[in-house]
Protein chains: 2
Amino acid sequence: MNGHSGSVLRLIDCFARLPGIGRKTASRLAYHLLRMEEEEALAFARAIVEARQNLHYCLCCQTISDGEYCPICADGARSGSEICVVERPRDIPAIEKTREFHGRYHVLHGLISPLDGIGPEELRIKQLVERVGQEGVEEVIMATNPTVEGEATALYLARLLKPFGVRVTRLAFGLPVGGDLEYADEVTLTRALEGRRDIL
Amino acid sequence: MNGHSGSVLRLIDCFARLPGIGRKTASRLAYHLLRMEEEEALAFARAIVEARQNLHYCLCCQTISDGEYCPICADGARSGSEICVVERPRDIPAIEKTREFHGRYHVLHGLISPLDGIGPEELRIKQLVERVGQEGVEEVIMATNPTVEGEATALYLARLLKPFGVRVTRLAFGLPVGGDLEYADEVTLTRALEGRRDIL
C-alpha cells in the first residue's frame, strides 16, 4: 500500500510530469494544494484551463498572446526597425527587464537541432523572413541562447537575412557580471578575450 | 511591459504561490504547461478539481481518503493493536515504504506550536484518544518530526495516553544511515551516544 489516496496520487503524477519536479516535490506540492483554501486551489485549475484556451500566437512576433497582437507589437511607441530574435516566449521578459531594447521581438519557438530532428521548417522562420522583407527593418539582433544550437540557428538566420541588406548582430559573449574569473570555463574566457574592448 | 500575456501571468502567479517555487521556476512550469498536449494540460486542471472535491478524511485515522475509510484502515490484515502517530498525511507513504510497520496510523494534521498559535485542540487529538480508549490498542508509536514541535507534541501525547495503560514509544534518534560522522550536528551525536546499543 503506498499510503496516498487515489485522487491525491493522480495529482502527484501530474506535478511529477513537469520539468525539474521529482516525486518528492510533486507530493509536497499536491498536499499543499489540498491544504490551501478551496477557492485558491480551484483558481489554479481555472488558470490552467484559461491559459490553454487563450493560447494564441501574436500575428506579428509569434509570441504567446491573449489578443491577435501581443502588447509589445500593439505598442506604437516600440520601434519597428529593430527585431530581437529569441527562442522562446519566456526569453522576452528577460530582455524586457534590461529596459535597453525598444524594438520588437520575433519568437522562433525552438532552435535548429538536427540531432532532435528539428529543421528550419519546424520554426517560425518564414514569418521572420516576411517581416524583414516587408517592414523598414534595419537590424536583426540574434538573442538565441549561447549554446551550439543557439549559435547554429543564429548563423543560419544571418545567412538567410543578409540578402535583405539588414544588419544582423549577435549578443556579446564574455564573463558574466559579478562572476569569478577562476570559475569561468575556457570557452567563455576565450570569447571574453576575443571581444575585449579599449577601456579609455 | 513585462512581456508575459495576461493569462500566462495569472498561471505563473498560481505556480509561484506554491512552496519552494520561485518566480523563475513558476514561469518555466507555466510555459511548459502551454507547450504540452492540450489534453494533458486539461487533465492537470481536472486532477486539481477532483482531488479537492474528493477531499475527505478517513473516519478512523483522519488521513486524506477517497472513501469513508482509507485503504489501510479498511484492510483487515493490518493490526489494530499498534497506532503510529504522524503529523501529516504525506508522512504515511514514507513509513509504508519501510514495509516494517503493520499497524494503523493516526494523522494529527499539525503539531502543537504555541508560537504559531496552534494548541492541542487544533489537532486531531480527541479522535486519537477515542481510538486508544475503545480499541485493543497496545502500543502508540510517536512518529512526529525530530523538531522542537515534534518532540513537544510527542511528549504531550505520551502524558495524555499513559493513563490508558498503553505503551507509548518514540522513533529512535541517531546518525542517518550513510551519513558522515564529521557532518553530524552535536545534538544528533549526543542522541546517538545516548541511544547506543550493544553490538553483540
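All figures in this text were calculated on a predicted structure; none of them were measured in a lab.

(A) Broad picture of the overall build of chain A. Within chain A one finds 8 helices and 6 strands. The linear arrangement of helices and strands in chain A, starting from the amino end, is α-α-α-β-β-α-β-α-β-α-β-α-β-α. Its C-alpha atoms give chain A a radius of gyration of 22 Å, clearly above 16 Å, the size a compact globule of 200 residues would have. In terms of its C-alpha atoms, chain A occupies a principal-axis envelope of roughly 65 × 50 × 35 Å.

(B) Representation of the relation of the copies chain A and chain B in the model. Of the transformation superimposing chain A on chain B, the axial component is 0.0 Å and the angular component is 180 degrees, with the fit at an RMSD of 0.0 Å. Both copies are brought into coincidence by an operation consistent with a two-fold rotation axis. Every residue of chain A has its C-alpha some distance from the rotation axis, and the shortest such distance is that of Ala45(A), at 2.1 Å. Most of the interface of chain A is mirrored in chain B, where 100% of its interface residues are also at the interface.

(C) Up close: the interface of chain A and chain B. Contacts between chain A and chain B engage 53 residues on the former and 53 residues on the latter. Across the interface of chain A and chain B, roughly 4,900 Å² is buried in total on both sides, 68% from carbon and sulfur atoms. Where chain A touches chain B, the interface holds 2 salt bridges. A salt bridge links Arg17(B) to Glu40(A), with the nearest nitrogen and oxygen atoms 3.9 Å apart. On inspection of chain A and its partner chain B, the count reaches 14 residue pairs in polar contact (both at pLDDT 80 or more). Those elements giving two or more residues to the side of chain A that touches chain B turn out to be α1 (6-16), α2 (23-35), α3 (38-53), β2 (64-65), α4 (71-74) and α5 (91-96) of chain A.

(D) Molecular detail of the domain arrangement of chain A. We note that the domain assignment places domain 1 (6-54) and domain 2 (78-198) within chain A. Distance from the C-alpha centre of domain 1 of chain A to the C-alpha centre of domain 2 of chain A: 34 Å.

(E) Examining unusual backbone geometry more closely. Residues and elements named next belong to chain A. In this structure, arginine 99 is a non-glycine residue whose phi angle is positive, near 55 degrees. Among the secondary structure elements, arginine 99 is positioned in the loop between α5 and β4 (104-107). Its identity as a non-glycine residue notwithstanding, histidine 109 has a phi of 60 degrees, on the positive side. Along the chain, histidine 109 falls in the loop between β4 and α6 (125-134).

(F) Local environment of the packing of helix α6 (residues 125-134) of chain B against helix α7 (residues 148-161) of chain B. Residue and element names in this part refer to chain B. One can describe the packing of α6 onto α7 by two numbers: an axis separation of 11 Å at closest approach and a directional angle of 40 degrees. In terms of orientation, α6 lies oblique with respect to α7. In this structure, α6 crosses over α7, and the sense of that crossing is right-handed. Facing Ile125, Leu128, Val129 and Val132 of α6, the residues of α7 in contact are Tyr156, Leu157, Leu160 and Leu161. Among the residues forming the contact of α6 with α7, the class breakdown is 8 nonpolar, no polar and no charged.

(G) Local environment of the pattern of salt bridges. Residue and element names in this part refer to chain A. Applying the stated criterion across every chain yields a total of 14 salt bridges over all chains. With its nearest N and O atoms 2.8 Å apart, the salt bridge here joins aspartate 13 to arginine 23. With a gap of 10 residues between them, aspartate 13 in helix α1 and arginine 23 in helix α2 connect regions that are remote in the sequence. What makes arginine 23 partly exposed here is its relative accessible area of 47%.

(H) The arrangement of the packing of aromatic side chains in detail. Following the criterion strictly, the structure yields 4 aromatic pairs over all chains and no others. An angle of 80 degrees between the planes, with centres 5.0 Å apart, marks the rings of Phe15(A) and Phe44(B) as edge-to-face. With Phe15(A) in helix α1 and Phe44(B) in helix α3 (residues 38-53), this residue pair bridges two chains. With a relative accessible area of 1%, Phe44(B) lands in the buried category. Above the ring of Tyr57(A), the side-chain terminus of Arg124(A) is found at 4.4 Å from the ring centroid.

(I) The arrangement of the sheet that holds strand β3 (residues 82-86) of chain B in detail. All names here are of chain B. Taken in spatial order, the 4 strands line up as β4-β3-β5-β6 in an open sheet, and their pairing is parallel. Pairing within the sheet leaves two strands with one partner each, and these edge strands are β4 (104-107) and β6 (167-170). Shown here is a sheet whose adjacent strand axes are inclined to one another by a mean of 25 degrees, direction ignored. For β3 and strand β5 (residues 139-142), the ladder comprises 4 bridges, and the chain directions are parallel. Bridge assignment links glutamate 82 to a residue of β5, and that residue is glutamate 139. Lying over the sheet, α6 contacts β3, β4 and β5, oriented at roughly 150 degrees with respect to β4.

(J) Spatial organisation of the environment of Glu138(A). Residue and element names in this part refer to chain A. Structurally, glutamate 138 is set in the loop between α6 and β5 (139-142). Taking relative accessible area as the criterion, glutamate 138 reaches 55% and is therefore assigned exposed. Spatially, the C-alpha atom of glutamate 138 lies 8.2 Å from that of glycine 165, the residues being 27 residues apart in sequence. Residues contacting glutamate 138, with those up to four places away along its chain left out, are Ser81, Val166 and Arg167.

(K) Representation of the side chain of Thr63(B) in the model. Mapped onto the elements of the fold, Thr63(B) is located in the loop between β1 (56-57) and β2 (64-65). Not counting residues within four places of it along the chain, the set of residues in contact with Thr63(B) comprises His56(B), Tyr57(B), Cys58(B), Cys70(B), Pro89(B), Ile92(B), Val107(B) and His109(B).

(L) Main features of the confidence of the model for chain A. Residues and elements named next belong to chain A. Residue-level pLDDT values for chain A average 88, and 96% of them are 70 or greater. Predicted confidence in chain A is weakest over helix α8 (residues 186-194), with a mean pLDDT of 76, and strongest over β4, with 95. Here the prediction assigns the complex a pTM of 0.71, and the interface score ipTM is 0.71.

Conventions adopted
Residues numbered from 1 in each chain as written. Chains lettered and ligands numbered in written order. Predicted model: local features only at pLDDT ≥ 70, side-chain atom pairs only at ≥ 80, totals over all residues. Heavy atoms only, no water. Helix = DSSP H or I, 4+ residues; strand = E, 2+ residues; numbered from the N terminus. Rg over C-alpha atoms; globule rule 2.2 N^0.38 Å. Least-squares fit on C-alpha atoms with pLDDT ≥ 70 in both. Contact = heavy atoms within 4.5 Å. Buried area = accessible area lost by both parts, 1.4 Å probe. Salt bridge = Lys/Arg side-chain N within 4 Å of Asp/Glu carboxyl O. Polar contact = N/O pair within 3.5 Å; in protein donor to acceptor, adjacent residues only side chain to side chain. Domains from an automatic or database assignment. Axes fitted to C-alpha atoms, helices over the stretch in contact; angles between N-to-C directions. Parallel < 35°, antiparallel > 145°, perpendicular 65-115°, else oblique. Left-handed = near helix turned anticlockwise from the far one by under 90°. Nonpolar A, V, L, I, M, F, W, Y, C, P; charged D, E, K, R; others polar. Buried < 20%, exposed > 50% of the residue type's maximum accessible area, 1.4 Å probe, protein only. Phe/Tyr/Trp six-rings, centres within 6.5 Å; stacked < 30°, edge-to-face > 60°. Lys NZ or Arg CZ within 6 Å of the ring centre and 35° of its normal. Pairing = 2+ DSSP bridges. pLDDT = per-residue confidence, 0-100.

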